Amino acid sequence: MKPKVAFYWCASCGGCEEAVVDLDEEILNVVNAVDIVFWPVALDFKRRDVEAMPDGSILASFINGAIRNSEQREMAETLRAKSQVVVAFGSCAQLGGIPGLANLFDAKEILQEVYGDGVRPQMVHRENGHSLSLPEFFDTVLALDRVIGVDYYLPGCPPTPKIIAGALHALLGADLPPKGAVLAPDHALCEQCPRKDTRPEKLVLKEFKRPHQMIADQQTCLLAQGLACLGPGTRAGCEALCPQGNMPCTGCFGPTSRVRDFGAKALSAIASVIDGNTEAEIARALDAVPDPAGTFYRYSLPSSLLGRRRMG
Amino acid sequence: MPGVALAREYKYMCSDPGQELIRQDIRDHGLDRIVVAACSPHLHEKTFRHAVAEAGLNPYYFHMVNLREHDSWVHADKPAAAAKAMDLIRAAVRRVRWHVPLERRQAPIHANALVVGGGIAGIDAALTLASAGKHVYLVEREPTIGGHMAQFDKTFPTLDCAACILTPKMTAVKSNPNITLWSYSEVRRVEGYVGNYDVEIRRKPRYIIEDLCVGCLECIQACVFKQAKVPDEFNLGLGKRKPVYIPFPQAVPQLVVIDPETCIEFKSGKCKKTCVEVCAERNAIDFKQKEKIENIRVGTIILATGFETFDPVRVPYYGYGLYPNVYTSLEVERLVNASGPTGGEIVLRDGRKPATVGIVHCVGSRDVNTNRYCSRVCCMYSLKLAHLIKEKTGAEVIEFYIDMRAPGKAFEEFYNRVAEEGVSFVRGKVADIYPAGNGDGRLILQAEDTLLGMVRKIPVDMVVLSVGLEPRPDANDVRRLFNIGCSGDGFFLERHPKLAPVSTFADGIFVAGCCQGPKDIPDTVAQSGAAAAQALALIDAGVIELEPNTAYVTEDACCGCKTCIPLCPYSAISFLEEKKARINEVLCKGCGTCVAACPSGSIRQNLFEDQQIFEEIGGILTYA
Ligand SMILES: Cc1cc2nc3c(=O)[nH]c(=O)nc-3n(C[C@H](O)[C@H](O)[C@H](O)COP(=O)(O)OP(=O)(O)OC[C@H]3O[C@@H](n4cnc5c(N)ncnc54)[C@H](O)[C@@H]3O)c2cc1C
Ligand code: SF4
Ligand code: SF4
C-alpha cells in the first residue's frame, strides 16, 4: 500500500499549492509514490472524509498558510491527529508569513478597515431552520507550530520545486531528518549568491535605494549597490533566485537555526552598513525603507520574539 | 526558586570567612553553580571566581548579580529596588545553569617597547624603560627630539633653565645602548595585539648618512647660501636657516638635515655642492638617499605625541598675522631665549624695544567658540613670560586674565612673586585689539575690567597671546593607527580618568604627556613614569591572562557575508581566504558588537550565549 499524504491550506495566497503543481514531471513521481488522500484545492474531498480516517493513518500532512481563524485551527488539529508527520509548508505556516503582518493590528481594526461602517459579516445566519456560521476571526495570526506540533518545516514563499522534491525524498527515504528540522541548508543566502565575492570588506552606505529607483548592476552585490538585500540573514535554499533576477532578497526562507528573531537580525544586517552619526543622517539613510516592520518582518512577525503589536 | 539547592545570607561574603563559606558549601553540598548577589562584578567578580575555583569548580560556573550599578545606585524606591533584586537573582539562577566551563588563555609579551614622540614625555619614558634593561625604539617625527620644552628658555614655577635640565636627558637617550632613536621618522602601520605588535616605521631621508656624519656642522658654514634665507621652523619663522641645517645647537641626534624644497642641488642639479667639498673624505652627504622602512616587533607602546599650540588666526579680532606686534606665547618663548633668533633680546619686528607689553590669557581656551577646556599651563607660562620680559626690558607688563589658575605646587607663590615684581593684572577677557591710529605703531587692548566694572582701552607696544594647547592636527589618524580612542576635546582617551590614567582601551598601549590632555612638565614626567611602569609590569609578567568572554565564529555556519568585518572596534575580525570570518581571540574585547550583528547568527560569545541571555530575560520577566 502506498503511503498516504495530505495537502491543506490555511491563511495563505495559494502560491504554495501552485508550487506543488510546479513540480512538473516530479509531480508524477509523487503521484506514483504516494496516495493523496486529501487536497481540497485540486481534488474533491470533504472535511468529514478526513475526520473518518483512523488516527495516524496519514504518513505526512503538508499544511501551508498561517492560522488566523477557528476553522483553520480545527483542521490543523484534525490533520495532526490523523498524521504521523506534519510539515509546515512555506513561510506562512513556518513563520506566520505575510498574513502575519496583520499582527500589527487586531481583528476589530482589520474589520473596520475592510468593511468600514458598511454591512459587517454576520457570524451566524439562519435560513429556513438551517443555520450557517462563520469561523471565529482571531486577533492574532499564528504560525502553525503555535497551534499544533510540527515535525518539519519547508521554508519559502513559496518553497522552490527543488526544496519540495528534496523534502519528499527525505520523508520517503530510510533516514528521517531529525524532528524539528528546517528542510533547507543552514547557511545564509550569501553562500549561494553568485554576487557574494563582490561585496567589499568595508561596506558603508549613506543611503539605500528601492528597487524601482535604479537599475541594479547584474554582477555586483545588491547590498553594496544600496538595495536592502536581506540575503546575509536569510536561510539559503532558493539558490538566490531573487538576486539572480536582479532583485534583493526579501527574506522568505526565514532565519538560520541559530537565530531566534529573524527581523531583528535582518535589521542589524542592514543597520550595520549605515554610515551616519546623527539621527538625521540615519533617518535619511533609511528613507528607502519606508515600512521597517513590513521589510524586516515581512514573513516572520508572528514567530518573532514579540509576536505582535501590543493590543489595547 | 527552581534549581537552587542552598541559599545563604552573609554580611561580608567577600571576606575570607565569607569565601570559605562558599568553598565549604561547594564541598559539603556538591554545588555545581554559584550565584552571588552582592555589590558589583567590578569589585568582586574576580574574588568570587577565585574562591569558586579553589573549591575545584570551574570559575565560570559562577555568576555575580550586580546589585549596585544595576539596582541600589540607580533606584530611590526601596521596595521596588528589592523586587528588582529578586528579578535579577532569578535571572542569574536561570542563566548560570547554561554556563559551560571556560579557560583563561595566556599571550606572551614581547620585551621590546616602542615610544612614539620624543618630547619630554617620550624621552623620560624611554629612559626609564631603558634603565630597567628593556630595549626601546624611540620614534620622533622631527629631525631632533626635545619637543616643545626644547624651545623654552626657563620653566615655571622654579625658572629652571629648560635647556639645562632637558639636554642632559636628550644626550642620555642618544648614548643609551638600550635605546634605538629614529628621528625624522613616523609610524606607518601597526598590527597585532598586546605583547605582539608588528610596527612599520618610515624613516624620511635627511640626505645625510647617519653613520658617517660626525656632527661638525661644517657643511652648514660651507653652503653656497652665504646668508640663511629659509624661515626656520624651530624658531617659528622668527629666524632664518639654510637648506642644510640643524634645528638648534643641542639637537639630538647631532645630525644635519638637507631640505630638498630649498636646496639648489635638488632644485636644479647644478649646485657647486660646497657642502660635499667640505665634508670631503667623511662623505656623509648623499643626495640620492631614499626613505627607509623599518619593521619591528614590540610588546608595548607608549604614545607621547604631545600637543600643538592654538593658531590665533582663528580669533580674528586679536589681529594675529595682521598686526606685526601681536605674537604668540611660543614665539615669545623663542625671543626671550638666549639661543633664540634675537639672542635673547626682546625686540619687536621693527627692531624697537617694547615699553609696554600686554599678555592676553585664554586664547583658544575656555571659549565656546574654540576650545571649552582650560589649557592648564597658560596662566603660569604667562607669569613666567611676564617675569622674563620685565627682567630683560624693564617694560611695563599687563596681564589680561579671566581667572588666575595657580593650583600646582609653588604656583601661587610664583604668582605672588611676579605680582610683587610689579606686573599689573586686569581681570577681564580682551574683546578687541586694534591699532592706536596715531602712527606710533601701538595697539589698543580693549577689555571689560570685571573688577572695576568698566571697559578699559590700554595702549601697548607688544601683545602676547597666551595660546592654548590643542591635540595635534593628525591626532585622529594617530589614534586610528593605534586603535585607541579620543575624548570629546580630541586628546587621546585614557582607560579610566582616575584609576587608569595612562592606559588606553587597547591593551599594551599607554599614553603620556600632552597627547592625553594639556599639562605642565612635572605632570607630563609623572605620567611618563607611570606609563613606563605600566609597560614594565606587562613586560616583566612575560604573559598576559586574557578573559575568555570573547566572541568566536562558527566557521561551518559563516556564509562569508562580511557584515561583521568592519564593525569590530578593535579590528579583531579578519576575512579568511576560504571566505569565512575569523576572530582573533587576543584582540577581541568581548564587546559583542559582531555577535549582535552577524545576520545568520554564526558568531557566538562565551558567557553571552543566546541561551544564557534568553534565560536571563525569562528570569526577569517571570513573576515570582
Ligand atoms: C608657550 C608654552 C610655555 C610653556 N612653559 C612651560 C613651563 O614653563 N613649565 C612647564 O612645566 N610647562 C610648560 N609648558 C607645557 C609644556 O610644553 C608641556 O608640558 C610639555 O612640552 C609636554 O611634553 P610632551 O612630550 O607631552 O609634548 P611635546 O613637547 O609636544 O612633544 C611631543 C613630541 O612628539 C613628536 N611627535 C608628535 N607626533 C608624532 C608622531 N605622530 N610620530 C612621531 N613623533 C611625533 C613631536 O615632534 C614632539 O617632539 C609650556 C607650554 C607652552 C605652549
Ligand atoms: S565581540 Fe566585539 S571585540 Fe570581539 S570580535 Fe566581536 S566586535 Fe570585536
Ligand atoms: S557576519 Fe557572520 S556570516 Fe557574515 S562574515 Fe561575519 S561571521 Fe560570517
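It should be emphasised that the depicted structure is a prediction, and the values quoted were computed from it without experimental measurement. (Residues numbered from 1 in each chain as written. Chains lettered and ligands numbered in written order. Predicted model: local features only at pLDDT ≥ 70, side-chain atom pairs only at ≥ 80, totals over all residues. Heavy atoms only, no water.)

Participant: So, the site of ligand 1: which residues are in play, and what are the values?
Facilitator: Residue and element names in this part refer to chain B. Surveying the vicinity of ligand 1 reveals 36 residues, the closest of which are Glu140, His148, Lys384, Lys519 and Ile521. Contact between ligand 1 and Cys514: an oxygen atom at 2.9 Å from a main-chain N or O atom of the residue. Bound to the protein, ligand 1 loses 98% of the 990 Å² it would expose on its own. Counting only elements with at least two residues in the shell around ligand 1, the list comes to helix H5 (120–131), strand S6 (154–155), strand S17 (307–309), helix H10 (329–335), helix H11 (378–393) and helix H14 (521–541). Each residue belonging to the shell around ligand 1 can be placed in one class, and the counts come to 15 nonpolar, 12 polar and 9 charged. Composition of the shell around ligand 1 by domain shows at least three residues from each of domain 2 (105–204 + 291–307 + 471–546) and domain 4 (309–469). (Near = heavy atom within 4 Å. Polar contact = N/O pair within 3.5 Å; in protein donor to acceptor, adjacent residues only side chain to side chain. Areas by Shrake-Rupley, 256 points an atom, 1.4 Å probe, with all protein chains shown as cover. Helix = DSSP H or I, 4+ residues; strand = E, 2+ residues; numbered from the N terminus. Nonpolar A, V, L, I, M, F, W, Y, C, P; charged D, E, K, R; others polar. Domains from an automatic or database assignment.)

Participant: If you had to explain the domain arrangement of chain B to someone new, which residues and values would you point to?
Facilitator: Residue and element names in this part refer to chain B. When the domains of chain B are assigned, the result is domain 1 (16–102), domain 2 (105–204 + 291–307 + 471–546), domain 3 (218–278), domain 4 (309–469) and domain 5 (551–606). Contact with domain 2, which involves 12 residues of that partner, is made by 10 residues of domain 3. Counting the surface domain 2 buries against domain 3, the share from its top three residues, Pro143, Thr144 and Gln151, is 46%. Between domain 2 and domain 3 we count 0 salt bridges in total. When residues of the side of domain 2 that touches domain 3 are assigned to their parent elements, the largest contribution, 4 residues, is made by helix H6 (residues 162–175). (Contact = heavy atoms within 4.5 Å. Buried area = accessible area lost by both parts, 1.4 Å probe. Salt bridge = Lys/Arg side-chain N within 4 Å of Asp/Glu carboxyl O.)

Participant: Give me a negative patch on the surface: which residues, what numbers.
Facilitator: Together, Glu18, Asp22, Asp24 and Glu25 of chain A give the surface a local cluster of negative charge. Here Glu25 of chain A shows up in helix H2 (residues 25–33). (Patch = residues over 30% accessible without salt bridge, like charges linked within 9 Å, V, L, I, M, F, W, Y side chains within 5 Å. Lys, Arg positive; Asp, Glu negative; His and termini not counted. Charge placed at Lys NZ, Arg CZ, Asp CG, Glu CD.)

Participant: Lay out the nonpolar core with the relevant residues and their values.
Facilitator: Judged by nonpolar contacts, the single largest core of 85 residues is most densely connected at Leu114, Val199 and Ile301 of chain B. At 8 residues, H5 of chain B tops the list of elements feeding residues into this core. Lining this core are residues from two domains, each supplying at least three of them: domain 2 (105–204 + 291–307 + 471–546) and domain 3 (218–278) of chain B. Setting aside residues no more than four positions away along its own chain, Leu114 of chain B makes contact with Tyr137, Val139, Val187, Val199, Ile296, Val298, Thr300, Ile301 and Ile302 of chain B. Within the second largest apolar cluster, 59 residues are counted, among which are Val87, Leu101, Val273 and Tyr297 of chain A. (Core = buried A, V, L, I, M, F, W, Y, C linked by side-chain atoms within 4.5 Å. Buried < 20%, exposed > 50% of the residue type's maximum accessible area, 1.4 Å probe, protein only.)

Participant: Break down the sheet that holds strand S9 (residues 152–154) of chain A for me, citing the residues and quoting the values.
Facilitator: Residues and elements named next belong to chain A. Across the sheet, 5 strands lie side by side as S2-S1-S3-S5-S9; this open sheet has parallel pairing. Of all the strands in the sheet, the pair left with one neighbour each is strand S2 (35–38) and S9. Ignoring strand direction, the axes of neighbouring strands in this sheet form an average angle of 30°. Both strand S5 (residues 83–89) and S9 contribute to a ladder of 3 bridges, which runs parallel. Note that in S9 the partner of Ala88 across the bridge is Tyr153. In the packing of helix H4 (residues 70–82) onto the sheet, contacts are made with strand S1 (4–9), S2, strand S3 (58–64) and S5, and the angle to S5 comes to roughly 135°. (Pairing = 2+ DSSP bridges. Axes fitted to C-alpha atoms, helices over the stretch in contact; angles between N-to-C directions.)

Participant: Lay out the site of ligand 2 with the relevant residues and their values.
Facilitator: Close contacts around ligand 2 come from 14 residues, with Cys568, Cys588, Cys591, Gly592 and Cys594 of chain B the closest. Considering only residue class, the shell around ligand 2 consists of 10 nonpolar, 3 polar and 1 charged.

Participant: Could you give me a rundown of the pairing of strand S19 (residues 356–363) of chain B, with the residues and numbers involved?
Facilitator: Residues and elements named next belong to chain B. Within S19, 8 of the 8 residues are buried, leaving the element largely enclosed by the surrounding structure. As judged from the 5 bridges shared by S19 and strand S20 (residues 396–401), these two strands associate in the parallel manner. Bridge pairing links Val357 to Val397 in S20. Between S19 and its parallel partner S20, the chain crosses via H11, and the hand of that crossover is right-handed. (Right-handed = clockwise from strand over helix to strand, strands pointing away.)

Participant: Kindly report on the state of the cysteines, identifying the contributing residues and their values.
Facilitator: Here the structure, examined in full by the defined rule, presents 1 disulfide over all chains. Between Cys252 of chain A, a cysteine without a disulfide, and Cys157 of chain A, which holds the nearest cysteine sulfur, the sulfur-to-sulfur distance is 5.7 Å. (Disulfide = S-S within 2.5 Å.)

Participant: Which residues make up the pattern of salt bridges, and what values do they have?
Facilitator: Residues and elements named next belong to chain B. In total, this model carries 62 salt bridges over all chains according to the counting rule given. Arg104 is paired through a salt bridge with Glu547; the nearest N and O atoms lie 2.6 Å apart. Here Arg104, found in the loop between helix H4 (78–96) and strand S3 (105–108), pairs with Glu547, found in the loop between strand S28 (543–546) and strand S29 (551–553); they are 443 residues apart in sequence, far enough to count as distant. With its nearest N and O atoms 2.9 Å apart, the salt bridge here joins Arg188 to Glu200. A residue pair is termed long-range when its members are at least 10 positions apart, and Arg188 in strand S9 (residues 185–193) and Glu200 in strand S10 (residues 196–203) qualify at 12 residues. Look at Arg188 and you get partly exposed, because its relative accessible area is 41%. A single network of salt bridges, built from pairs that share partners, joins Arg188, Arg189, Glu191, Glu200, Arg202 and Glu291.

Participant: Any details on the pairing of strand S16 (residues 300–303) of chain B? Residues and values, ideally.
Facilitator: Residue and element names in this part refer to chain B. Neither face of S16 is left uncovered, since the one carrying Thr300 and Ile302 and the one carrying Ile301 and Leu303 both have all their residues buried. Direction of pairing for strand S4 (residues 113–116) relative to S16: parallel, over a ladder of 4 bridges. Residue pairing in the sheet places Val115 in a bridge with Ile302 of S16. Here 3 bridges tie S16 to strand S27 (residues 509–511), and the two strands are oriented parallel to one another. Paired with Leu303 across the strands is Val511, a residue of S27.

Participant: Requested: an account of the interface of chain A and chain B, with residues and values cited.
Facilitator: In this complex, chain A contributes 22 residues to the contact, which on the side of chain B involves 24 residues. Between chain A and chain B the total buried area reaches about 1,900 Å² when both faces are included, carbon and sulfur atoms providing 51% of it. Linking Asp197 of chain A and Lys579 of chain B is a salt bridge whose minimum nitrogen-to-oxygen distance equals 3.1 Å. Summed over the shared surface of chain A and chain B, the number is 14 residue pairs in polar contact (both at pLDDT 80 or more). Residues of the side of chain A that touches chain B, tallied by class, amount to 8 nonpolar, 5 polar and 9 charged.

Participant: Residues and numbers for the confidence of the model for chain B, please.
Facilitator: Model confidence for chain B is summarised by a mean pLDDT of 95, while 100% of its residues fall at 70 or above. Across the predicted assembly, pTM comes out at 0.70 and ipTM at 0.92. (pLDDT = per-residue confidence, 0-100.)

Participant: A description of the side chain of Glu399 of chain B should follow, citing residues and the corresponding values.
Facilitator: Residues and elements named next belong to chain B. Here Glu399 lies in strand S20. Among buried charged residues, Glu399 stands out as having no salt bridge; its nearest opposite-charge side chain is Lys390, 11 Å away. A distance of 2.4 Å separates the side chain of Glu399 from the side chain of His361, its partner in a polar contact. Glu399 has contacts with Ile359, His361, Ser382, Leu383, Ala386, Val423, Ser424, Phe425 and Val426, leaving out every residue within four places of it along the chain.

Participant: Give me the lowdown on the environment of Asn337 of chain B, citing residues and values where you can.
Facilitator: Residues and elements named next belong to chain B. Tracing the chain through its elements places Asn337 in the loop between H10 and S19. Asn337 sits 184 residues away from Asp153 along the chain, and the two C-alpha atoms are 4.6 Å apart. Ignoring sequence-local partners within four residues, the contact set of Asn337 consists of Gln151, Phe152, Asp153, Gly343 and Gly344. At 3.5 Å, the side chain of Asn337 and the backbone oxygen of Gln151 are in polar contact.

Participant: Residues and numbers for the packing of aromatic side chains, please.
Facilitator: Scanning the model with the defined rule gives 15 aromatic pairs over all chains in all. Relative to Phe38 of chain A, the ring of Tyr8 of chain A lies with its centre 5.7 Å away and its plane at 10°, an arrangement referred to as stacked. Within this pair, whereas Tyr8 of chain A is found in strand S1, its partner Phe38 of chain A is found in strand S2, the two being separated by 30 residues in sequence. For the pair formed by Tyr8 of chain A and Phe38 of chain A, the shared burial category is buried. Aromatic pair Tyr317 of chain B and Tyr318 of chain B: ring centres 5.1 Å apart, planes at 75°, arrangement edge-to-face. On the accessibility criterion, Tyr317 of chain B (35% relative accessible area) is partly exposed. Assessed through its relative accessible area of 3%, Tyr318 of chain B is described here as buried. Aromatic rings pair up to connect Phe7, Trp39, Phe62 and Phe89 of chain A into one cluster. For the cation-ring pair, Arg95 of chain B lies above Phe608 of chain B, with the distance from its terminal atom to the ring centre recorded as 5.5 Å. A cation over a ring is seen here: Arg241 of chain B above Tyr245 of chain B, with NZ or CZ 3.9 Å from the ring centre. (Phe/Tyr/Trp six-rings, centres within 6.5 Å; stacked < 30°, edge-to-face > 60°. Lys NZ or Arg CZ within 6 Å of the ring centre and 35° of its normal.)

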